[in-house]
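Chain residues, written in single-letter form:
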Amino acid sequence: MPSYTAPTQDMAFLLHDVLKAEQSDIPGYGDLERDFTSAVLEEAGKLAGEVLAPLNTVGDQEGCRLENGVVYTPTGFKDAFEQMKEGGWTGLDMPEEFGGQNMPVLLGTAVGELFSSANQAFTMYQGLTHGAASAILAHGTDEQKATYLPKMVSCEWTGTMNLTEPHCGTDLGLMRTKAEPQDDGSYKVSGQKIFISAGDHDMSDNVIHLVLAKIPGGPEGIKGVSLFIVPKFNVNEDGSVGSRNGVSVGNIEKKMGIHGNSTCVMNYDEAKGFLLGDLHKGMRAMFTMMNEARLGVAMQGLAQAEAAYQNAVIYAKDRLQGRDVTGAKNPDGPADPLIVHPDIRRSLMDQKSFVEGARAFLLWGAQLIDQAHRSEDKDADGLISLMTPVLKGFLTDQGYDMTVLAQQVYGGHGYIEEHGMSQFTRDARITQIYEGANGVQALDLVGRKLAADGGKPIMAFFDMVKSYCKEQDSDEMKDFIEPLKTASKHLQASAMYFMQSAAKNPNNALAGSYDFMHLFGHVCLAFMWARQARAALDALSRGEGDATFYETKLTTARYYMARRLPATSMHLARIESGADTVMALEAEQF
C-alpha cells in the first residue's frame, strides 16, 4: 500500500521564507506566525497520513454503491468524515459568523493539498461543499445564508454543483433542465444532470445541490440560464430536515478513477428549488464556485504528483537493479538501488522540480486571492483571474505526467496493483477534464484573459518578472535569473504573435493556445523557483535552519532552469508556426 508524509517543511519554507506571509499587510496575515501555521499543518498532516491515506486504496477498490436509492461510501469514509468535521477542518477559511475560522485562503489551500494528496476522492466531498457554500455566500439572500451556510460550513450538510447534461458539457446554453416559477416564490426544477461529483452519499444529513436550469420563456442560450438551490431534503422553517424533495440518483458513474467519490446521475422531478442570485444570471453565480473549483483542481494535480513522487523515491532507494556505470554503490549486495541510475534520477528530478515549483505557484495564487478579496485589490483580482486557467491547465497536465513518471520508476510493478501506483495516475486523469477541460482553459486564457482590462493583468505580470530580474541581477542569482529572462521573452513574443496575427486569422491564436498555456506555466514555475532560490540563499547566508534543505532547493532550482524551462522555446516555435498545418486537412481526411 502506498504511503504519504505531509511535506510540512516545504510548506513552511514557502509560507514564511518565500511568500513572507506574516509580514504581509493583507488583513488576517498577521496571525500567520510560523509557530501557528506549523501547528496547523502538523495536525492536518497527521489526519492526512494516519486517517485519510490508509483509506485511499480502500476507496479505490470498493468504490461507492447505490442500493434502493441510497448511496453508500466505502468502508471507513463515514468515520473519517466525522473526524474531519470534529476538527473544524471543513470551515477553516470560511466566515466566523457561519461557524468557520476565517483563516486566509492561503492556509486553507496548504491544508487542502495535504488532504487531497492523502485521499483525493474523499476530500472532494468537503471540497464541493466549500465551493457551493462560497456561491451562496457571494450571491445568496440573508435568509438563504442563514438557512444553509452554518450546516454546510460544518459539513453537517454537504453541497454539489450541477452543470453538465447528457447532451451538453462545455456549451451550457444547450441545457434542457427547466425551472417553473411557483406562486410561493419557489420553482419546480425538472431535468437530468450527469457527472455530479459527491452527488449523494451517506455521510451528511442533507445534500444542497446548486443546479443550473432555464426558466420557460427566458432568453435563448446561455443568457437564459439561472442558478437554483435544490436540497435533497426540504428544509423546515426551524432549519431542520424535512420531507424528501423530488431529487433522486439515477446511477453512479463507472469511471477510471476517484472511485471513492460518488459521481452521480441526478434526476430532478419537479423538485422544489430557490433562485440563487439574479434571474438569468446563473453563470455569473456559478462561476464563483467554478473559479474556486478550478484552483482546487489545480491543487489536485499537484497533490497526486506529490503522493506518487514520494512513493517513487522510496521504491527507487529500495529496489536493487543493475550496477552504477561509474562503480558499484552497493558492493555487498547483488545490485545497486535504482536511484543510482541517471535516467531514474532524471525522472525523479522532473517530478521533484515540478512538485515544489507547482506548490509555490499554487500558494502564490492563493495569496493573490486573499489580496484581491481581503484587501479589495483590483490589480490582484485581475492577476489571479489571468492565472486561473494557467494554474488549472498546466498543473493538471503536468501533474498527470508526473504520476506516469512515478509509475514508470516501478517498471512492471507499477502496472500491476500490488504497489498501488496506478491509482495516482487514474485519479489525476480527471483533473485535466473536469471544471473545464484543459483545452477550454487554454482558449479562455488566450481568447478572454489576455485582453481583459485592456491587457493590464498580463502586462503587470511581465513588469513583475522584469522588475524581479533587475532586482536580483547578481552573480549568485545568475543561474536562475538568466533562464527566467529568456523564458519571459518567449512568453512576450508569443503574446505579440497573437496580437499581430489574430486579426488576419483567428485560428492562429486558437491553434497556439494550448502551447501558450504551457509556456506561461513554465515561466510561472521558473519565477517561483527564482524566488525560492533567493530565499534559500538568504537563509544560508544567515546560517539559519537546515542547510541541507536550502542547498537541495538551489540544486533543484538549477535543474528546473536547465532541464525543464527550455520547453518554452519549443512552445514558442509551435505557436509561431500558425494554424495552417493544424487546419490543413478536410474533415473527411481524418
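The structure this text deals with has already been given above.
Throughout what follows, the structure given in this document is the object of discussion. (Residues numbered from 1 in each chain as written. Predicted model: local features only at pLDDT ≥ 70, side-chain atom pairs only at ≥ 80, totals over all residues. Heavy atoms only, no water.)

Notes on the overall build of the protein chain
Each helix and strand counted, the protein chain has 18 helices and 11 strands in total. At 24 Å, the protein chain has a C-alpha radius of gyration in line with the 25 Å of a compact globule built from 590 residues. By the burial criterion, 57% of the 590 residues in the protein chain qualify as buried. Put simply, of all contacts in the protein chain between residues at least 6 apart along the chain, 74% involve residues at least 24 apart. For the protein chain, the exposed area adds up to about 24,500 Å²; of that, 51% sits on carbon and sulfur atoms. (Helix = DSSP H or I, 4+ residues; strand = E, 2+ residues; numbered from the N terminus. Rg over C-alpha atoms; globule rule 2.2 N^0.38 Å. Buried < 20%, exposed > 50% of the residue type's maximum accessible area, 1.4 Å probe, protein only. Contact = heavy atoms within 4.5 Å. Areas by Shrake-Rupley, 256 points an atom, 1.4 Å probe, with all protein chains shown as cover.)

Remarks on the nonpolar core
In this structure, F361, W364, M387, L395, F461, F516 and F520 are the most contacted members of the largest nonpolar core, which totals 147 residues. Tallying contributions element by element places helix α15 (residues 506-542) first for this core, with 18 residues. Excluding residues that lie within four positions of it along the chain, M387 makes contacts with F361, W364, F461, F520 and C524. Membership of the second largest hydrophobic core comes to 34 residues, among which are A121, M161, I258 and M283. (Core = buried A, V, L, I, M, F, W, Y, C linked by side-chain atoms within 4.5 Å.)

Some points on the packing of helix α9 (residues 378-409) against α15
It is at 9 Å that the axes of α9 and α15 come closest, and there the two elements cross at 90°. Of the possible angle classes, the one that applies to α9 and α15 is roughly perpendicular. Seen from α9, the contacting residues are L386, M387, P389, V390, G393, F394, L395, D397 and Q398; seen from α15, they are Y514, M517, H518, F520, G521, H522, C524 and L525. Partitioned by chemical class, the residues of the contact of α9 with α15 number 11 nonpolar, five polar and one charged. (Axes fitted to C-alpha atoms, helices over the stretch in contact; angles between N-to-C directions. Parallel < 35°, antiparallel > 145°, perpendicular 65-115°, else oblique. Nonpolar A, V, L, I, M, F, W, Y, C, P; charged D, E, K, R; others polar.)

Here we look at the side chain of S197
By secondary structure assignment, the location of S197 is in the loop between β5 (187-196) and β6 (206-214). Residue class for S197 comes out buried when judged on its relative accessible area of 10%. Non-local contacts of S197, meaning those with residues more than four positions away in its chain, are made with M124, L128, T160, N261, S262, T263 and Y434.

Focus: the packing of aromatic side chains
Throughout the structure, instances matching the rule amount to 18 aromatic pairs. Here F77 and F122 contribute two aromatic rings whose centre-to-centre distance is 5.4 Å and whose plane-to-plane angle is 75°, an arrangement assigned as edge-to-face. Residue F77 is located in helix α3 (residues 77-86), and its partner F122 is located in helix α5 (residues 120-139); the two are separated by 45 residues in the primary sequence. Judged by relative accessible area, which is 0%, F122 ranks as buried. Three or more aromatic residues link up through ring pairs in this structure, and these residues are F361, W364, F461, F462, Y468, Y497, F498, F516, F520 and F527. Taking the ring centre of F527 as reference, the NZ or CZ of R531 above it sits at 5.6 Å. (Phe/Tyr/Trp six-rings, centres within 6.5 Å; stacked < 30°, edge-to-face > 60°. Lys NZ or Arg CZ within 6 Å of the ring centre and 35° of its normal.)

As for the pairing of strand β3 (residues 157-162)
Of all six residues in β3, six are buried; the element is thus mostly enclosed. The side-chain alternation of β3 yields two buried faces, one formed by W157, G159 and M161 and the other by T158, T160 and N162.

Observations regarding the packing of helix α8 (residues 342-374) against α15
Across the interface, α8 lies against α15 with an axial gap of 9 Å and an inter-helix angle of 90°. Here α8 is positioned roughly perpendicular relative to α15, judged by the angle of their axes. For the pair α8 and α15, the contacting residues are K352, S353, F354, E356, G357, A358, A360, F361 and W364 in the first and C524, L525, F527, M528, W529, R531 and Q532 in the second. Residue composition of the contact of α8 with α15, by class: 10 nonpolar, three polar and three charged.

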